[in-house]
Amino acid sequence: MNHASSSKAVLWLLLGALAAGSMAFYVFQIWSVNQPSHFNDFYAPWWAAHELLRHGRNPYSPAVAHEIQTVIYGAPAKATSADNPANIAGGFAYPPYAALLLWPTVYLPFSAAQKLHLALSLLVTLLSLSLWLRALLFRFSSVTWLTIALFLLGSFPAMQGIKLGNLSVTAAALIAAALFFLSENRSVLAGIFLALSTFKPQFSIVLIVWLAVWTASDWRHRRSLAGSFLGTMLLLVLVGEWLVRGWIGQFLSVVGAYRQYTYGHSLLDVWFTPSWGWIAASLLVLATLVIGWPHRLQPANSTRFFLVASLMLAVTLIVIPTLAPHAQLLLLPGFLCVLREQKSIFKGWTKLLLAGAWTLLAWPWIAAFGLLLASAAVPVATLIQFWALPLDSSPLLPAAVALALGCLLASVRRAAHQGHSFLAEK
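Model, not experiment: these values are computed from the prediction.

Reading the values: rules and limits
Residues numbered from 1 in each chain as written. Predicted model: local features only at pLDDT ≥ 70, side-chain atom pairs only at ≥ 80, totals over all residues. Heavy atoms only, no water. Helix = DSSP H or I, 4+ residues; strand = E, 2+ residues; numbered from the N terminus. Buried < 20%, exposed > 50% of the residue type's maximum accessible area, 1.4 Å probe, protein only. Contact = heavy atoms within 4.5 Å. Core = buried A, V, L, I, M, F, W, Y, C linked by side-chain atoms within 4.5 Å. Patch = residues over 30% accessible without salt bridge, like charges linked within 9 Å, V, L, I, M, F, W, Y side chains within 5 Å. Areas by Shrake-Rupley, 256 points an atom, 1.4 Å probe, with all protein chains shown as cover. Salt bridge = Lys/Arg side-chain N within 4 Å of Asp/Glu carboxyl O. Axes fitted to C-alpha atoms, helices over the stretch in contact; angles between N-to-C directions. Parallel < 35°, antiparallel > 145°, perpendicular 65-115°, else oblique. Left-handed = near helix turned anticlockwise from the far one by under 90°. Nonpolar A, V, L, I, M, F, W, Y, C, P; charged D, E, K, R; others polar. Expected span 1.5 Å × (residues − 1). Arc of directions from axis to C-beta. 1 Å grid on protein atoms, 1.4 Å probe; cavity = no way out; pocket = protein on both sides within 12 Å on 5 of 7 lines; lining within 4 Å. Points joined across faces, edges and corners; volume = space filled by probe spheres on them.

Asker: Is there a simple way to explain the environment of Ser-22 in this structure?
Answerer: With respect to the element layout, Ser-22 can be found in helix H1 (residues 3–31). Ser-22 gets classed as buried once you look at its relative accessible area, which sits at 1%. Separated by 133 residues in the primary sequence, Ser-22 and Ser-155 have C-alpha atoms spaced 9.8 Å apart. If we ignore the near neighbours within four places in the chain, the residues touching Ser-22 are Trp-365, Ala-368, Phe-369 and Leu-372.

Asker: For this particular structure, what's the right way to read the side chain of Ser-32?
Answerer: Residue placement: Ser-32 occurs in the loop between H1 and helix H2 (43–55). If sequence neighbours within four positions are ignored, Ser-32 has contacts with Val-27 and Lys-163.

Asker: Whenever I open this one, the nonpolar core confuses me. Can you help?
Answerer: Proteins that are soluble and globular tend to have nonpolar side chains buried together. Of all hydrophobic cores here, the largest spans 108 residues; its most connected members are Leu-179, Leu-182, Leu-207, Leu-211, Phe-305, Leu-336 and Leu-405. The greatest single-element share of this core, amounting to 13 residues, is contributed by helix H15 (residues 303–319). Ignoring anything within four residues of it in the chain, the contact list for Phe-305 reads Leu-179, Leu-182, Trp-210, Leu-211, Trp-214, Gln-298, Pro-299 and Ala-300. Core analysis: the second largest hydrophobic core is formed by 16 residues, Phe-25, Tyr-26, Phe-156 and Leu-391 among them.

Asker: For this particular structure, what's the right way to read a nonpolar patch on the surface?
Answerer: On the surface, a cluster of nonpolar side chains totalling about 610 Å² of accessible area is made up of Val-270, Trp-271, Phe-272, Trp-276, Leu-323 and Leu-396. No other element matches the 3 residues that helix H13 (residues 267–272) contributes to the nonpolar patch. Mapped onto the elements of the fold, Leu-323 is located in the loop between H15 and helix H16 (332–345).

Asker: Can you help me understand unusual backbone geometry in this one?
Answerer: With a phi close to 55°, Leu-137 is a non-glycine residue in the positive phi region. Tracing the sequence through the fold places Leu-137 in the loop between helix H5 (110–135) and helix H6 (142–153).

Asker: Quick question: what am I supposed to make of the pattern of salt bridges here?
Answerer: Oppositely charged side chains can form a pair if their charged atoms are brought close together. Tallied over the full model, the rule gives 2 salt bridges. Across the pair Arg-57 and Glu-51 runs a salt bridge whose closest N-O atoms are separated by 2.7 Å. With a relative accessible area of 24%, Arg-57 lands in the partly exposed category. Arg-57 serves as the salt-bridge partner of Glu-67, at 3.0 Å between the closest nitrogen and oxygen. Residue Glu-67 is found in helix H3 (residues 62–73), and its partner Arg-57 is found in the loop between H2 and H3; the two are separated by 10 residues along the sequence.

Asker: Can you help me understand the packing of H5 against helix H8 (residues 168–183) in this one?
Answerer: The description of two packed helices rests on the angle between their axes and on the distance between the axes. Between H5 and H8, whose axes approach to 9 Å, the crossing angle comes to 30°. The angle between H5 and H8 places the two elements in the roughly parallel class. Crossing handedness for the pair H5 and H8: left-handed. Residues His-117, Ser-121, Val-124, Thr-125, Ser-128, Leu-131, Trp-132, Arg-134 and Ala-135 of H5 pack against Val-169, Thr-170, Ala-172, Ala-173, Ile-175, Ala-176, Ala-177, Leu-179, Phe-180 and Ser-183 of H8. For the contact of H5 with H8, a count of residues per class yields 12 nonpolar, 6 polar and 1 charged.

Asker: What is the right way to read H3 from this model?
Answerer: Each full turn of the α-helix corresponds to 3.6 residues, which orients residues three or four apart in the same direction. Over its 12 residues, H3 extends 15 Å from the first C-alpha to the last, a length consistent with the 16 Å expected when each residue adds 1.5 Å. Taken as a whole, H3 has its buried residues at Val-64, Ala-65, Ile-68, Gln-69 and Ile-72. Projection of H3 onto a plane perpendicular to its axis shows the buried side chains occupying an angular sector of 140°, all on one side. The secondary structure elements touched by the buried residues of H3 are H2. Downstream of H3 by a residue or two, Gly-74 has a phi angle that is positive, lying close to 95°.

Asker: Help me understand empty space enclosed by the protein, please; the structure alone is not making it clear to me.
Answerer: The gaps of empty space that remain are located by a probe, the size of a water molecule, rolled over the atoms. The tally for this structure, following the rule as stated, stands at 3 cavities of 30 Å³ or more. The computed volume of the largest cavity comes to approximately 100 Å³. Every residue along the wall of the largest cavity is listed here: Val-124, Thr-125, Ser-128, Trp-132, Leu-152, Val-169, Ala-172, Ala-173, Leu-329, Leu-330, Leu-332 and Pro-333. Of all elements in the fold, only H5, H8 and H16 reach the threshold of two or more residues within the lining of the largest cavity. Ranked by the residues each element gives to the lining of the largest cavity, the list is headed by H5, at 4 residues. When grouped by side-chain class, the residues that make up the lining of the largest cavity number 10 nonpolar, 2 polar and no charged.

Okay, here's the thing in structure tokens:
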């Protein structure tokens, strides 16, 4: 590495540290300042798993939900009727086998379990990054890895997910592991990890549909992925039934209630109203599958395979009923694909699309840094009224990444027809 490259790498490292520091100030001093001291997303699944695995109680019961509400909000919700969704607001909203992922922590006091989960969340986030970089054959130095890690951990989605103890971090890591093992031709492990990721089914559903199409396109060589995934899913369903009789119906009821007591709407619901949002979501998923169709024969270690998989994850964030920024950890492989190929692909008007995507990504750091600078002259209590400023770009980010990946795929296909190959392949 020459002197100019070394200086540039160090400059990006310092910028990553500044971005992470600014975001930490925003998250801890502004975004979370008025939240209750016990407000977090980890307590609900932890307590439900604790009661299920140690005492055999039904984690979906209103009684367990009321205990969770009392700890987090100070008192149980006052429901007007037995079937009011408020009865289970904030309760356990996962399949029973999600409790097995928390099994080691249920024998610890919550404070210790929370600290352990925090440490594990940091580790699995960095592990996800390493897996994506290896799967994408990203050539990088230790300084580059550290720089990307700083930007990742210093992003609002990662910081929010880790601070709240949300299990989105774990789900994103399991998806990363599944696709990494698939790229290494270890389909059995890939199927197992993909099945485990379904404890948060909204994260993996679109990807699973695509992988089903991909597997069926070369059944002879890819059937081990289907067998491993279906076998693991059957085992998880049976284990869930052993833990909680009739859990599927109860889980679906909880999911329905969850959408009522939270703002359970997708971006498309916001843009097109809930009445039209599900239609737009169906058409978008169908269109994405059509875009991926010409690449269905590509091996799992190819650039095109990862472009399609990353596109599926970006589209997932547009169609699933959540606006939570921590779900945007699923955009990581998409940004890595764009980062690696931006110089060779984006030309002409597509450069504007690329610039837009990077601007939307950078905006939370820019706004957070602005708030940090303002805190030198203005009391932080005054700045709290601008708490939403760094989040303004969040709703547009998945769409921008999806469009950028769509342009990448179009360029790849066009280059293949012309006999060129400027994308790195294994």
